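Overview (structure and organization)
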Amino acid sequence: MHRGDSRNVKFNEHLQSHIAGAAMTVGVLRVSLLVLTAIVNHPLIFPKEDGTVPEDPQEIIQKMKEREEILRLEQLRLEQEIAEQEATQKALEKAVKVVEESEEEKVRWDMWTALSMVIFLLIELWRQDFQEGIWQDTGGEEDDMAVLGKAFKGVAFPDKAVLASFYEKRILGTTGDMARMREMVEGFADDLLEALRSVCNRDADMEVEDCMGVGSMYENWRVRKPFVCDLIVPFAPPEPYCFRSQTWCSGDSFPPDEQGYGTIKVCRADEAVTGCICDKTKLGEDMLCLLHSQANNSRPSSEMEDLLCFKNTQYLDADQVMKWFQIAVTKAWNRISHKYEFDLSFSLLDSPGALKIKFRSGKSIAFNLTPVVQYENSDVYFISHFPRSSLAADLPSSTHWFLTFAVYERRFIQLVSKTLPANACHVSCLQILSFVHGKQCSLTGPSGLTNYHLKTVMLHLLQARPSQDWAPEKLEARLQDMLKFLEKCLHEKKLYHFFIGNGKVPAELGFPIIFQRAEPLNLFRPFVLQRDVYRKTVDTFHEMLRNMTALINEYTVHIPLAQTNGIHKESF
């Protein structure tokens, strides 16, 4: 600001000195004009050669007129110059005024711009802090969860007696069926994988490990038939190769639509982790890397394709892996099919790992056998697809893999269950909500909500609420909490992944710290882009609330008249 004032002062001094010089020049010209006029009017101005006064007066008059005309033209020229100088002076004064006004306007604009930026940053910081505090502190106050709209004040909600009767009739009877089915499927899967190892080339094919059960069947909350077991099968490359994975939160730049994904690179075990510069830079024809010979540095594309990589890359291709796995499973079944009195087939085209056992009696059992890749030394796994996921976005490419935290989710539920009262109602709440939502979708069509979203809601509330709040007699209240929390998430289009970005994960789980420090991952992000799906999901949810009593009563045994008053109005 002081520099601008100094420049303006210097500019004004220079302009005043220029104007003063011009005025002095005009004064000198006027004096010269008077002297010249006096000389011309002198009677002896035009003497003849002999030194006498000219005798012809007409000649003198003519010369004087000529001189007068010259002087008149000179006067006009001088007056024009003076006018031009005055105009220039006015223009300079105007320019000075404009410069001063522009400097003042610029200062005012800079101040408003800076003030606006500060206000915007403060608002953005407050918004982020407020939103991050919502999902991590959901259980702090009872009123924080009372967010259902006024339109649902008249929604009828079943009481404890109705819920208990429904749970006993419709859900408890399925527990034994699930246990028998898990035992049968796991035994057959182990036999099938053992046969798969025998038909594979141990020196060239992928090495398959033992399968693990994950999901609702192994967390004991699946209620809707047909029961489907989800099994994951870790595999590794043959020696001397290994997998090196990269995730969106590992420091590499991933665009927003690729958050939650990762890539898997196939490398030699003796290859440096950081790699050599010769693999990233084109060396000249007359240059040779001293660390790697030409033979080791160049890998034939056919070799990488045999390792199930995408064409001309070192990145594992999910489509190639599923194609290889299907062929290997088919060969393994052909080897052991004579031992069983049923048929095995792939049941769904859009789920490459979906298998179905068909008995001669006409009955069938479905299960998913999906190959996965272990993330470093943890129980996080890369998976090519999620079975029965209606809201999962399409993969950016076949070299991008989803990450599944199913093993840690099962461990967390088991860990928390040890601290809860006997016969705690957390699993019962999830089972009832899953059943009612499934029945509503069968009436009005598919919804953007999945059972995984419902389980995520339960996980958040398990962490937020005290252990005593999950006593069996509080089933009704906790079920309402889940509905309120879910509607709030739908309203905000934000349901954060339970593990990613959650710094409160119990240390006993041994969960990788890199995912705890990552930015929270919004599972409802597709709703922002898919407005039709979002509208349909919200409508289905509201319809489910209105129909909840009827849907539960349809599968509830008769309750004595004294208890029928249990169906009452709740203010959501």
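The rules behind each value
Residues numbered from 1 in each chain as written. Predicted model: local features only at pLDDT ≥ 70, side-chain atom pairs only at ≥ 80, totals over all residues. Heavy atoms only, no water. Helix = DSSP H or I, 4+ residues; strand = E, 2+ residues; numbered from the N terminus. Buried < 20%, exposed > 50% of the residue type's maximum accessible area, 1.4 Å probe, protein only. Contact = heavy atoms within 4.5 Å. Core = buried A, V, L, I, M, F, W, Y, C linked by side-chain atoms within 4.5 Å. Lys, Arg positive; Asp, Glu negative; His and termini not counted. Salt bridge = Lys/Arg side-chain N within 4 Å of Asp/Glu carboxyl O. Polar contact = N/O pair within 3.5 Å; in protein donor to acceptor, adjacent residues only side chain to side chain. Expected span 1.5 Å × (residues − 1). Phe/Tyr/Trp six-rings, centres within 6.5 Å; stacked < 30°, edge-to-face > 60°. Lys NZ or Arg CZ within 6 Å of the ring centre and 35° of its normal. Axes fitted to C-alpha atoms, helices over the stretch in contact; angles between N-to-C directions. Parallel < 35°, antiparallel > 145°, perpendicular 65-115°, else oblique. Left-handed = near helix turned anticlockwise from the far one by under 90°. Pairing = 2+ DSSP bridges. pLDDT = per-residue confidence, 0-100. Nonpolar A, V, L, I, M, F, W, Y, C, P; charged D, E, K, R; others polar.

For the protein chain, the helix and strand inventory stands at 15 helices and 12 strands. With 572 residues in all, the protein chain has 41% of them scored as buried. Here the analysis covers contacts within the protein chain between residues at least 6 apart in sequence; of these, 72% occur between residues at least 24 apart.

Counting residues in each nonpolar core, the largest one holds 112 residues, and the members touching the most others are Leu192, Leu316, Phe367, Leu369, Ile432, Phe499 and Phe515. By size, the runner-up hydrophobic cluster in this structure holds nine residues, among which are Ile232, Tyr381, Ile383 and Phe402.

A separate point is the side chain of aspartate 317. Mapped onto the fold, aspartate 317 is located in the loop between α7 (301-306) and α8 (318-336). Buried and unpaired, aspartate 317 has lysine 323 as its nearest opposite-charge partner, separated by 8.1 Å. Within the structure, the side chain of aspartate 317 is placed 3.0 Å from the side chain of serine 398, a separation counted as a polar contact. Among residues more than four places away in sequence, those in contact with aspartate 317 are Leu308, Cys309, Phe310, Ser398 and Trp401.

The next point concerns the side chain of histidine 437. Within the secondary structure, histidine 437 is located in helix α10 (residues 426-444). With relative accessibility at 6%, the residue histidine 437 sits in the buried group. Residue contacts for histidine 437: discarding those within four places in its chain leaves Ser447, Leu449, Leu454 and Met544.

To continue, consider helix α12 (residues 475-492). Helical periodicity: at 3.6 residues per turn, an α-helix aligns residues three or four positions apart in one direction. Between the first and last C-alpha of α12 there are 26 Å, a value that for 18 residues agrees with the 26 Å anticipated at 1.5 Å per step. The buried fraction of α12 amounts to 15 of the 18 residues, a majority that puts the element mostly inside the structure.

What follows covers the pattern of salt bridges. Once the charged atoms of two side chains with opposite charge are near each other, the side chains can pair. Applying the stated criterion across every chain, the model contains 16 salt bridges. We note a salt bridge from arginine 411 to aspartate 379, for which the minimum N-O separation is 2.5 Å. Of the two residues, arginine 411 sits in helix α9 (residues 406-417) while aspartate 379 sits in the loop between β9 (364-374) and β10 (381-383), which places them 32 residues apart along the sequence. Salt bridges here are not isolated pairs; linked through shared partners, they connect Arg465, Asp469, Lys474, Arg478 and Asp481.

We now examine the packing of aromatic side chains. Applying the stated criterion to the full structure yields 28 aromatic pairs. Aromatic side chains tryptophan 324 and phenylalanine 325 sit 6.0 Å apart centroid to centroid with 55° between the ring planes, which places their arrangement in the tilted category. Through a chain of ring-to-ring contacts, three or more aromatic side chains come together here, namely Trp248, Tyr375, Phe382, Phe405, Tyr408, Phe412, Phe498, Phe499, Phe511 and Phe515. Between arginine 182 and the ring centre of tyrosine 218, over which it is positioned, the NZ or CZ distance is 5.9 Å. Sitting above the plane of the tyrosine 241 ring, arginine 268 keeps its charged end 5.8 Å from the centroid.

Bringing the packing of α10 against α12 into the picture now. Interaxial distance between α10 and α12 falls to 9 Å at its minimum, and their mutual angle equals 55°. When the axes of α10 and α12 are compared, the pair comes out oblique. As for how α10 packs across α12, the hand of that crossing is right-handed. Across from Ser428, Cys429, Leu430, Ile432 and Leu433 in α10, the residues of α12 making contact are Leu475, Arg478, Leu479, Met482 and Leu483.

What follows covers the pairing of strand β6 (residues 261-268). Burial of β6 is extensive: six of the eight residues sit out of reach of the surface. Taken together, the seven bridges between strand β5 (residues 241-247) and β6 define a ladder with antiparallel strand orientation. In the strand pairing of β6, serine 245 is matched with isoleucine 264.

The subject of this paragraph is α9. In this model α9 runs 17 Å from its N-terminal to its C-terminal C-alpha over 12 residues, within 8% of the 16 Å that 1.5 Å per residue would give. Taken as a whole, α9 has its buried residues at Ala406, Val407, Tyr408, Glu409, Phe412, Ile413 and Val416.

Our next topic: the pairing of strand β11 (residues 401-404). Looking along a regular strand, one sees side chains alternate from face to face of the sheet. Burial along β11 is two-sided: the residues Trp401 and Leu403 and Phe402 and Thr404 are all buried. Where β6 meets β11, two bridges bridge the pair, whose relative direction is antiparallel. The residue bridging tyrosine 261 from the neighbouring strand is phenylalanine 402, located in β11. Inspection of the sheet shows β10 paired to β11 by three bridges, in the antiparallel sense. The residue of β11 that forms the bridge with tyrosine 381 is threonine 404.

With that settled, consider the confidence of the model for the protein chain. Overall, the prediction assigns the protein chain a mean pLDDT of 78, with 71% of residues at 70 or greater. Long-range and interchain partners of residues 48-53, a stretch whose pLDDT sits below 50, account for four contacts in this model, where long-range means more than four residues apart. Predicted confidence is poor over residues 131-147, with pLDDT under 50, and the contacts of this stretch with residues over four places away or in other chains come to 35 contacts.

Cis geometry marks the peptide bond from lysine 225 to proline 226; its omega dihedral reads 0°. With respect to the secondary-structure elements, proline 226 resides in the loop between α5 (216-219) and β4 (228-236). With an omega of 10°, the peptide bond between glutamate 239 and proline 240 qualifies as cis. Here proline 240 is to be found in the loop between β4 and β5. Of note, asparagine 312 is a non-glycine position whose phi angle comes to about 65°, a positive value. Here asparagine 312 shows up in the loop between α7 and α8. Classification of asparagine 312 as exposed rests on a relative accessible area of 61%.

Among the structural elements, serine 337 can be located in the loop between α8 and β7 (342-346). Taking relative accessible area as the criterion, serine 337 reaches 26% and is therefore assigned partly exposed. For the pair serine 337 and leucine 192, spaced 145 residues apart in sequence, the C-alpha to C-alpha distance is 9.5 Å.

At a closest axis distance of 9 Å, the pairing of α10 and helix α15 (residues 531-553) adopts a crossing angle of 110°. As the angle between them shows, α10 and α15 are arranged roughly perpendicular. Considering only the axes of α10 and α15, their crossing is right-handed. Contacts between α10 and α15 involve Ile432, Leu433, Val436, His437, Lys439, Gln440, Cys441, Leu443 and Thr444 from the first element and Lys536, Thr540, Glu543, Met544, Asn547, Met548, Leu551 and Ile552 from the second. Residue composition of the contact of α10 with α15, grouped by class: nine nonpolar, five polar and three charged.

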